[in-house]
Amino acid sequence: MVDESNMIVQLREEATNLYEKHFNEISDASSITKACTVAPGRVNLIGEHVDYTGGFVFPIAIEYSTVVVGSLCVKDESGDGEARIVSTSSDSVVEFSLVQDVKPFEKSNSWANYVIGVVLEYLSDVMAAFGEGKKLYLQAAIAGNVPLGSGLSSSAALEVAFATLLEAFAEPIATKVGGSEKQRAIDRAVKCQHAENTFCHVPCGIMDQFVSSAGLSNSALLIDCESNDFVPVQLGAFEDEKDAPIIVVTNSNVKHSHADGEYPVRVAQCKGATEALQKVNSSIKSLRYATFEDLKKAKGDMTDLIYRRAKHVISENERTLAAKEAFGKGDVIKFGELMNGSHESMKNNYEVSCKEIDFLVDEAQSFPGVYGSRLTGGGFGGCTVSLVKNAEVAKSLINHLQNRYKDQCNKECFCFTTTPGPGARVMSIEHTSN
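Summary of the structure given here. (Residues numbered from 1 in each chain as written. Predicted model: local features only at pLDDT ≥ 70, side-chain atom pairs only at ≥ 80, totals over all residues. Heavy atoms only, no water.)

### A look at the environment of L235
The following threshold applies: To qualify as a helix, a DSSP run of H or I must reach at least 4 residues; to qualify as a strand, a run of E must reach at least 2; elements of each kind are numbered from the N terminus. Here a residue-residue contact requires only that any non-hydrogen atoms of the pair lie within 4.5 Å.
Inspection of the secondary structure assignment puts L235 in the loop between β8 (229-233) and β9 (246-251). Put simply, L235 and E325 are 90 residues apart on the chain and 9.7 Å apart in space, counted from C-alpha to C-alpha. Apart from residues lying up to four places away in sequence, L235 is in contact with P245, F327 and G330.

### Looking at the sheet that holds strand β2 (residues 56-57)
The test is simple: Any two strands are treated as partners once DSSP identifies two or more bridges connecting them.
In spatial order, the strands read β2-β7-β8; together these three strands make up an open sheet with antiparallel pairing. Two strands close off the open sheet at either side, each with one partner strand: β2 and β8. Relative to strand β7 (residues 220-224), β2 is paired through two bridges, and the arrangement is antiparallel. Its bridge partner being in β7, F56 is matched across the sheet by D224.

### Considering the sheet that holds strand β5 (residues 94-98)
Operational definition: All axes here are fitted lines through C-alpha atoms, helices being fitted over the stretch that makes contact, and every angle between N-to-C directions spans 0 to 180 degrees.
The strand order across the open sheet built from six strands is β5-β4-β6-β3-β1-β13, with neighbouring strands paired in mixed fashion. Single-partner strands in this sheet number two, and they are β5 and β13 (425-427). Ignoring which end each strand starts from, the neighbouring axes of this sheet average 25 degrees apart. Packing of helix α1 (residues 6-22) onto the sheet brings it into contact with β1 (31-44), β3 (59-75), β4 (81-87), β6 (135-144) and β13, and relative to β3 it is tilted by some 25 degrees. Where helix α6 (residues 207-214) meets the sheet, its contacts fall on β1 and β3, and the angle it forms with β1 comes to roughly 120 degrees.

### With respect to the side chain of N251
Using the following cut-off: Pairs of N or O atoms within 3.5 Å make up the polar contacts considered here, provided that, within protein, one atom can donate a hydrogen while the other can accept it, and that residues adjacent in sequence are counted only when both atoms are side-chain atoms.
Of note, N251 is situated in strand β9. Among the polar contacts made by the side chain of N251, one reaches the main-chain amide nitrogen of N253 at a distance of 2.9 Å. Not counting residues within four places of it along the chain, the set of residues in contact with N251 comprises P147, S150, G382, C383, E412, C413 and F414.

Take a look at the structure:
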């Protein structure tokens, strides 16, 4: 079991207090199972807007996470099961039936749809684990500190934490795919992505759920978003630990929403680019398989906008594979150059940046001791990620960005340093009230 940080322990405390405030044990239950799970947010180092076209991404799991404390009670009676969930971000209990035809919530309780979608993915397996003629009562409290709308995957952390909770309740689910910890993590990610695509109607790729589920301490993951396989990559060794580079994340506090606006548009544009490329090379199943030579041949069948979208995806896949090699060798100069190239492409070819993000990236890229900086996440706001020389440079950069951003953009930016952390896991449910 992971030795949890103070931050995660505090989230467990918040979720436990919330659970005890709102929920009582179900009387006359034939069995009661209680569990606590955690799943992290993520920062993508490189490989942006390519996961939904089967490309390559290179994220890490971070410490900012979602914790769920929940119980599953089973009664020897018939009838539809019932679920009650509550979050520290709303503090009002949301109720829904444990049936496959449950409808999504609108507006104020729409956050619950990320949970309900995951529950539906697991519902038949959970019900089968306890047998017919049983009525299930699910109660769960949620505490998280992944900033909403920041591009650090708060929704994926919620989905994966809840999926891990359901697996903890019904052990047959965990062993159904053969017992491999790696395969369980992948299967969990696939279910969570499907839930977000179909129940929340967000056309996201699998990267966010994948790294939240399968993340590893001290390693970035090179994820193949077509095969759903991954390779862990540790940063190349440095003789002096003081020379080890630091990852700095800066939240612009410009919020985005994947369900609205431009994100679904980019998905459709990639589909259009693929259709044009297939006219010159029928073997291209997705943009992942396209080359610059294919793109050159297909340019006449594309608008300039569609051409630039495809150009970003093709070049970003190449950059990501090169970045994986540079990261493993400890070639931070090369890795930084690739980060800078990625941002330039996202800004000009994919057009998912904004003036605040560009300002933060420009300031970081020109700061002494910074190897590279780029937008991370879906874009239209959110966060930047920078790779810097050492902890001293990181501290100076953070101070510089906060001061300059306030002066030039009249906004506050929140910065933190991070290292690759573990993915989803079950925590002990120990709790001491203050």
